[in-house]
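Examining the three-dimensional arrangement
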Amino acid sequence: MHAQELRSAWTEFWTVRGHTDVPSAGLIPHHPSAPMFTNSGMMPFVSYFAGEEQVPWQPPRATSIQRCVRAGGKHNDLDDIGRSLRHLSFFEMLGNFSFGDYFKADAIRWAWEFSTDVLGLDAERIWVTCHVDDDEAVQLWVDEVGFPIERIVRLDEDNFWEMGDTGPCGPSSELFWDFGPEFGEGGGPGNPASDDRYVEYWNLVFQQFFRRDDGSLRTLDSQNIDTGAGLERILGAIANRADVFDTDELASLVRRAEELTGVKRGASAQSDIALKLLADHARTMSFLVADGVVPSNEDRGFVLRRIIRRAIRFAYLLDVERPITPALAEHTIDLMGEAYPVLHDQADLITGTLAREEEQFRRTLRSGLAILDGALAELPEGADLPGTVAFQLHDTYGFPLEVTSEIVEDRGHGLDRPGFDAAMAEQRDRARASGKKGSLAAGDETDAFAAILAEHGTTEFVGRETFEADARVVGVVPSADGTVSVFLDRTPFYAESGGQVGDTGTITADGLACEVRDTQYAVPGLTRHVVVVTEGEPVVGATVRAAIDVERRDAIRRNHTATHLFHWALREVLGPHVKQQGSLVAPDRLRFDFSHFEAVAPGDIARIEDLVNADVLANHPVHHFETTKDAASELGAIAFFGEKYGDLVRVLEAGPHSTELCGGTHVRRTGDIGPSKIVSESSIGSNLRRIEAITGFGPIDRIRTEEAELADAADRVGVPRTELLDGIDKRLAELRDLRDEVRSLKAKLATGGADDLAAQAVDGVVVARVDGLARDDLRSLGVAVRDREGVRAVVLIGAPEGGGVALVAAVTPDSDLDAGVLIADAAKAVKGGGGKNPELAVAGGKDAERIDDALDLARAAAGIA
């Protein structure tokens, strides 16, 4: 059975049993508790399992084939790839899910049916594990399936699944395939010595409980099934091949890597690791780029960059001098494009991104090798390379530790592995501390929100049609900061999402006045009005009047529709590789982050502004409507980065050029936006740029402010505003002339003191401190002193007005002294250097507090100490 056959068989099996086929989500998850990448089949369904959203399918069952990446944080298999038989950074997870519908009996029975009847696996080679306390699951395996109890292993932590420190959890039951005695000891799973023999291919999670903050468990009212079966591992079991790189798609990628490198599998253990890693990373980097991740030095972009660089570095080990990643990506697209059309859709972006990254990193690679060569050259014979250097190469340049180790060993040195491990541990601690920010909250407030959602359902948003509405209070939750969260059955207030800030306004009734400071989603679909109560008290069941700040909403709408026009104009001017990477839509400005590889030139900024303002002046109609996701795709609607879309989506057609998915609020015609102006363009990371822009009254206010500043500047320069530039040029010229005059006077003053300094000569040598002179002026003074009668050498050291230290030494030709030697030690004392001319040496330093010490060293060098 090939990969595509398995995908089809899986989907058919579960849809026949009432499961809705849910397409794979992207690799960028959306839930607040989510890790960096989608790393499991259940990740797109977290909000349903957590009770935050209502399940949209009837019956409440789903099946999916989810693309996943494990390449950072807790789930990081990068270092095992190519070395183990089964670890991958990219993999496909087959899943079937029940949301309060069927439970253990059906999950177990169907898993067994699919394994034996559909896949044709030998029942005698399947083992099962269950949690030590889950007698029910064991009995079901024995009674429902007829599975022999002697092949059921009871485990503890390995068979208990938890979403996080708090949240849904429960026991699990796993299915293992026995690859035979040549891969390890017998006796079943659970023995580390048999990890390669018994390989888990399916995990059935029974979500029975909810873990509270205090660690206690409560039984869930709605018990769920979450299963995950590894596609690559199942293919290995079917073919009885323990190495996942022997399965059809991965084997094809390995063969392509052989063609590109000229190295055959089996040539050496090290080259086999490299070939397998290239095959694995080809899929990972192709899918990450297709799903909108841009190589950078932060977060997801950093992980992608590290994966690309690892692939290039391992190709480099195989003496591959030409680019290899674009060709690997092209083969991935050919192999998997049928199952994942996004690869074909983004083919140019994938290969272009990888080509640029590889070209850049190959230059970096040469620099990294130079750093390693330099570090090794400074080591005493037989000494260890510091772990910090190895970590820098690993972390910054993508050098695998074993590569550094090999090079170091070839040069006759060892490697400080404890130092490397310590640096790596520090990085993990930083990542762990950062990752905790996204953990799922489950305190009293969250429980209250969930209870309101369960009892009253989602909030009806009426804010597209009206700015104020009568509503019924369905929930009131006080917060520790003194604000109160008010929940209504319907609301005109837009909750913050999609980059658009939440509305503000008022909630009022007889004897009640609330100022709405912000509007958010407490949980998806449930609108939370964060209010300050100024009169009375909100009461559940009361009828209130909810009214938004219309002027503020109008400003937000102008900026939001303008954001879409700027997105179109950026792609039009810079190219289709431009993708949105984040946005902020506020009343006073808009911010738009996008992928691009260099600063946007001023001329391109002007072209972008012109395109946007041309559409504004044309006053095109703006259409905002709801349709199916498939219909939106046919219209060519672009999805915004980081947004989650259901089967029904809202499409924004902002004039004839911009068609995008968006659930925000917008103007009715492009002319309502008003003049639009980009006020800044900057880098926010590697390959990531940001523009900020203003619309409506913003550009007018900016023009008024700048006109007032120009008038003030003209008044200060003393010219009419129309002659400001000429006036500034004239004042600058005068300033330069005055500075030259001051410098000349200082030099004359300094030279005038030459006789006094010459009178201090000891055995014909003058060593003195002279502060307040620039280095060139100090040099002129030194020459003047040297040329006085009776002086054969002079050393002057001082602190110039601009800070630091200046040193000058000058000697006569017949002095038998070397000017560079006279100030060499003195320069080091003030943390400086330079000045090696034997007759006239000039040097600089940083530490003015040690000038007196430097003078003593100069006297010693001249023999007059």
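Up top you'll find the structure we're talking about.
All values reported here derive from a predicted model rather than from experimental measurement.

1. Focus: the overall build of the chain
When helices and strands are counted, the chain shows 24 helices and 32 strands. On the principal axes, the C-alpha backbone points of the chain span a range of 115 × 80 × 50 Å. Buried positions account for 51% of the 865 residues belonging to the chain. Long-range pairs, those at least 24 residues apart, make up 67% of the contacts in the chain with a sequence separation of at least 6. When the accessible area of the chain is evaluated, it comes to approximately 38700 Å², of which 47% is carbon and sulfur surface. Where the 89 positive side-chain charges of the chain centre and where its 143 negative ones centre are 4 Å apart.

2. Looking at the sheet that holds strand β30 (residues 793–798)
Note on sheets: strands pair through backbone hydrogen bonds, and any given pair is parallel or antiparallel. Taken together, four strands build an open sheet; the order of strands is β29-β30-β31-β32 and the sheet is mixed. Two strands in the sheet have a free side with no partner beyond their single neighbour: β29 (765–769) and β32 (840–845). In this sheet, neighbouring strand axes are inclined to one another by 10° on average, regardless of whether the strands run parallel or antiparallel. Pairing of strand β31 (residues 805–811) with β32 involves six bridges; the strand directions are antiparallel. Within the sheet, the bridge partner assigned to L807 lies in β32 and is A843. In the packing of helix α22 (residues 775–786) onto the sheet, the strands contacted are β29, β30, β31 and β32, and the crossing angle to β31 comes to about 25°.

3. Re the pattern of salt bridges
In total, this model carries 46 salt bridges according to the counting rule given. The residue D593 makes a salt bridge to R690 at a minimum N-O spacing of 2.6 Å. Taken together, the residues D593 in strand β23 (residues 590–595) and R690 in strand β28 (residues 688–695) connect sequence positions 97 residues apart. Under the relative-accessibility criterion, D593 is labelled buried at 7%. One salt bridge connects E706 with R702, and the closest N-O pair in it is separated by 3.4 Å. Taken together, the positions of E706 and R702, both in helix α19 (residues 697–717) and four residues apart, correspond to about one turn of that helix. By relative accessible area, which is 36% here, E706 ends up partly exposed. What makes R702 partly exposed here is its relative accessible area of 34%. A cluster of three or more residues bridged by salt bridges with shared partners is formed by R241, D243, D246, R265 and K276.

4. Here's the deal with the packing of aromatic side chains
For any pair of aromatic rings, geometry is given as the distance between the ring centres together with the angle between the planes. Under the counting rule described, the total for this entry stands at 29 aromatic pairs. On the numbers, 5.4 Å between centres and 85° between planes, the contact of W112 with F147 is edge-to-face. Separated by 35 residues along the polypeptide, W112 in helix α3 (residues 104–118) and F147 in the loop between α4 (135–145) and β7 (152–155) bring together distant segments of the chain. Summarising the aromatic geometry, the rings of F179 and F183 are spaced 6.2 Å apart at their centres and angled 70° between planes, so their arrangement reads as edge-to-face. What links up through ring pairs into an aromatic cluster is the set W10, F13, W14, Y102, W110, F114 and W202. Positioned above the aromatic ring of F147, the side-chain terminus of R151 is 5.0 Å from the ring centre.

5. With respect to the nonpolar core
Among the nonpolar cores identified, the biggest contains 99 residues, and W141 and W202 are the most heavily contacted of them. Ranked by residue count, the leading element in this core is helix α7 (residues 269–290), at twelve residues. Ranked by size, the runner-up nonpolar core spans 26 residues in total, among them L574, F592, F594 and V600.

6. Quick look at the pairing of strand β25 (residues 648–654)
For strand β24 (residues 622–628) and β25, the ladder comprises seven bridges, and the chain directions are antiparallel. Paired with H623 across the strands is E653, a residue of β25. Direction of pairing for β25 relative to strand β26 (residues 658–661): antiparallel, over a ladder of four bridges. When the bridges of β26 are listed, A654 appears paired with S658. Count of turn residues in the β25/β26 antiparallel hairpin: three residues, of which G655 carries a positive phi of about 80°.

7. What to know about the side chain of T563
Relative to the elements of secondary structure, T563 occurs in helix α16 (residues 550–574). For T563, the side chain forms a polar contact with the main-chain oxygen of N559, separated by 2.8 Å.

8. Describing the sheet that holds strand β20 (residues 526–535)
Ordered in space as β15-β16-β20-β19-β18-β21, the six strands form a closed barrel in which the pairing is antiparallel. The sheet shows a mean angle of 45° between the axes of neighbouring strands, direction not considered. Sheet analysis places strand β16 (residues 484–488) next to β20, joined by three bridges and oriented antiparallel. In the strand pairing of β20, V484 is matched with V531.

9. So, the packing of α16 against helix α17 (residues 602–618)
Packing of α16 against α17 leaves a shortest axis separation of 9 Å and a crossing angle of 135°. For the element pair α16 / α17, the angle class is oblique. Handedness of the α16/α17 crossing: right-handed. Seen from α16, the contacting residues are L565, F566, W568, A569, L570, E572, V573 and L574; seen from α17, they are D604, R607, I608, L611, V612, D615 and V616. A class-by-class count of the residues in the contact of α16 with α17 yields eleven nonpolar, no polar and four charged.

What counts as what
- Residues numbered from 1 in each chain as written.
- Predicted model: local features only at pLDDT ≥ 70, side-chain atom pairs only at ≥ 80, totals over all residues.
- Heavy atoms only, no water.
- Helix = DSSP H or I, 4+ residues; strand = E, 2+ residues; numbered from the N terminus.
- Buried < 20%, exposed > 50% of the residue type's maximum accessible area, 1.4 Å probe, protein only.
- Contact = heavy atoms within 4.5 Å.
- Areas by Shrake-Rupley, 256 points an atom, 1.4 Å probe, with all protein chains shown as cover.
- Lys, Arg positive; Asp, Glu negative; His and termini not counted.
- Charge placed at Lys NZ, Arg CZ, Asp CG, Glu CD.
- Pairing = 2+ DSSP bridges.
- Axes fitted to C-alpha atoms, helices over the stretch in contact; angles between N-to-C directions.
- Salt bridge = Lys/Arg side-chain N within 4 Å of Asp/Glu carboxyl O.
- Phe/Tyr/Trp six-rings, centres within 6.5 Å; stacked < 30°, edge-to-face > 60°.
- Lys NZ or Arg CZ within 6 Å of the ring centre and 35° of its normal.
- Core = buried A, V, L, I, M, F, W, Y, C linked by side-chain atoms within 4.5 Å.
- Polar contact = N/O pair within 3.5 Å; in protein donor to acceptor, adjacent residues only side chain to side chain.
- Parallel < 35°, antiparallel > 145°, perpendicular 65-115°, else oblique.
- Left-handed = near helix turned anticlockwise from the far one by under 90°.
- Nonpolar A, V, L, I, M, F, W, Y, C, P; charged D, E, K, R; others polar.

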